Amino acid sequence: MSRVIGLGLLLAGLLYPFAVYFGMEHFAPWQFGLLLGSLWLARALTGVRRPGSLWMAIVAIVFCLLLAVFDSPALLRWYPVLISGFMLALFGLSLKYGPPMAERLARLREPQLPAKAIVYTRQVTVAWSVFFFCNGLCAAALTLWAPLSWWMLYTGLISYGLIGLMFAIEWLIRQRVRGHP
């Protein structure tokens with residue numbers, strides 16, 4: 001059940017900008033808050049306890065409650081900023097309280113990392129932290145000053161393209177670092 005809820009949250013997050021853009025004519029902001037808040041609450045109650053998972057769920061539930069109480073269309077647009085903030089916190093705090101997030105992910109494939117790889121994964125974690133900071137900043141600026149269509153374009157398409165580009169660039173750099181052509 002936990003995986004289904006996690007998948008639901010992932011899909012809700014990916015489709016959220018489009019749901020807001022195309023759904024605002026048919027649904028009130030409080031309905032978005034209720035649906036999203038229900039998913040986060042279900043995750044908090046059934047999910048595996050990982051560092052940070054409970055506080056992220058609580059912050060997201062509070063956001064959804066505010067959305068439901070204030071029923072504000074402007075508040076709807078802050079969810080992608082919140083998600084970027086979560087990702088920044090996960091990656092950034094892992095630099096302080098280690099091991100860095102990229103190292104954790106790398107150890108899933110290769111448990112015995114060489115010292116060179118540990119240094120590299122730390123740099124990758126810093127790069128992702130900077131990325132999520134900039135992504136959140138762009139989403140916040142679009143939330144405050146741009147038309148809804150620009151916000152939807154960036155948070156629903158461009159930011160995902162940038163994430164893919166970041167993965168691709170990191171993969172190419174990793175191949176060079178590992179000595180593969």
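See the structure printed just above.
Anyway, here's the lowdown on the structure attached to this text. These numbers come from a predicted model, not from an experiment. (Residues numbered from 1 in each chain as written. Predicted model: local features only at pLDDT ≥ 70, side-chain atom pairs only at ≥ 80, totals over all residues. Heavy atoms only, no water.)

This brings us to the overall build of the protein chain. Along the backbone of the protein chain there are eight helices and zero strands. Listed by position from the N terminus, the elements making up the protein chain come as α-α-α-α-α-α-α-α. Referenced to the eigenvectors of the C-alpha coordinate spread, the extents of the protein chain come out at roughly 55 × 35 × 25 Å. Sorting the 181 residues of the protein chain into buried and exposed places 36% on the buried side. For the protein chain, the proportion of contacts with a sequence separation of at least 24, taken over those separated by at least 6, is 71%. For the protein chain, the accessible area works out to roughly 11000 Å², and carbon and sulfur atoms hold 74% of it. Of the charged side chains in the protein chain, 14 are positive and 5 negative; the average position of the first set lies 11 Å away from that of the second. (Helix = DSSP H or I, 4+ residues; strand = E, 2+ residues; numbered from the N terminus. Buried < 20%, exposed > 50% of the residue type's maximum accessible area, 1.4 Å probe, protein only. Contact = heavy atoms within 4.5 Å. Areas by Shrake-Rupley, 256 points an atom, 1.4 Å probe, with all protein chains shown as cover. Lys, Arg positive; Asp, Glu negative; His and termini not counted. Charge placed at Lys NZ, Arg CZ, Asp CG, Glu CD.)

Under the 1.5 Å per step criterion, the end-to-end length of helix 3 (residues 53-70) is 26 Å for 18 residues, consistent within 8% with the ideal 26 Å. Among all positions of helix 3, only Ser53, Met56, Ala57, Ala60, Ile61, Phe63, Cys64 and Leu67 are buried. Within helix 3, the buried residues cover an arc of 160° as seen down the axis, which keeps them to one side. Facing away from the buried side of helix 3 by over 90 degrees, the exposed positions are Leu65, Val69 and Phe70. In this fold, the buried residues of helix 3 make contact with helix 1 (2-23), helix 2 (29-46), helix 4 (73-76) and helix 5 (79-97). In the segment just after helix 3, aspartate 71 is the residue with positive phi, at about 50°. (Expected span 1.5 Å × (residues − 1). Arc of directions from axis to C-beta.)

This part is about the packing of helix 6 (residues 101-109) against helix 7 (residues 115-145). It is at 7 Å that the axes of helix 6 and helix 7 come closest, and there the two elements cross at 125°. One way to sum up the angle between helix 6 and helix 7 is to call them oblique. Between helix 6 and helix 7, the contacting residues are Met101, Ala102, Glu103, Ala106 and Arg107 on the first element and Ile118, Thr121, Val124 and Thr125 on the second. Looking at the contact of helix 6 with helix 7, its residues break down into five nonpolar, two polar and two charged. (Axes fitted to C-alpha atoms, helices over the stretch in contact; angles between N-to-C directions. Parallel < 35°, antiparallel > 145°, perpendicular 65-115°, else oblique. Nonpolar A, V, L, I, M, F, W, Y, C, P; charged D, E, K, R; others polar.)

In this structure, glutamate 103 sits in helix 6. Assessed through its relative accessible area of 8%, glutamate 103 is described here as buried. In sequence terms glutamate 103 and arginine 178 are 75 residues apart; their C-alpha atoms lie 15 Å from each other. Sequence-distant contacts of glutamate 103, that is, excluding residues within four places in its chain, are made with Leu113, Ile118, Thr121 and Thr125.

This paragraph deals with the side chain of serine 129. Note on placement: serine 129 falls in helix 7. With residues up to four places along the chain from it excluded, the contact list for serine 129 reads Leu88, Phe91, Gly92 and Leu95.

Moving on, we come to the pattern of salt bridges. Tallied over the entire structure, the rule returns two salt bridges. Two residues, arginine 107 and glutamate 103, come together in a salt bridge whose shortest N-O distance is 2.9 Å. Within this pair, arginine 107 and its partner glutamate 103 are both found in helix 6, separated by four residues, close to a single helical turn. Among the residues examined, arginine 107 registers a relative accessible area of 29% and is labelled partly exposed. We note a salt bridge from arginine 174 to glutamate 170, for which the minimum N-O separation is 2.6 Å. Taken together, the positions of arginine 174 and glutamate 170, both in helix 8 (residues 148-178) and four residues apart, correspond to about one turn of that helix. (Salt bridge = Lys/Arg side-chain N within 4 Å of Asp/Glu carboxyl O.)

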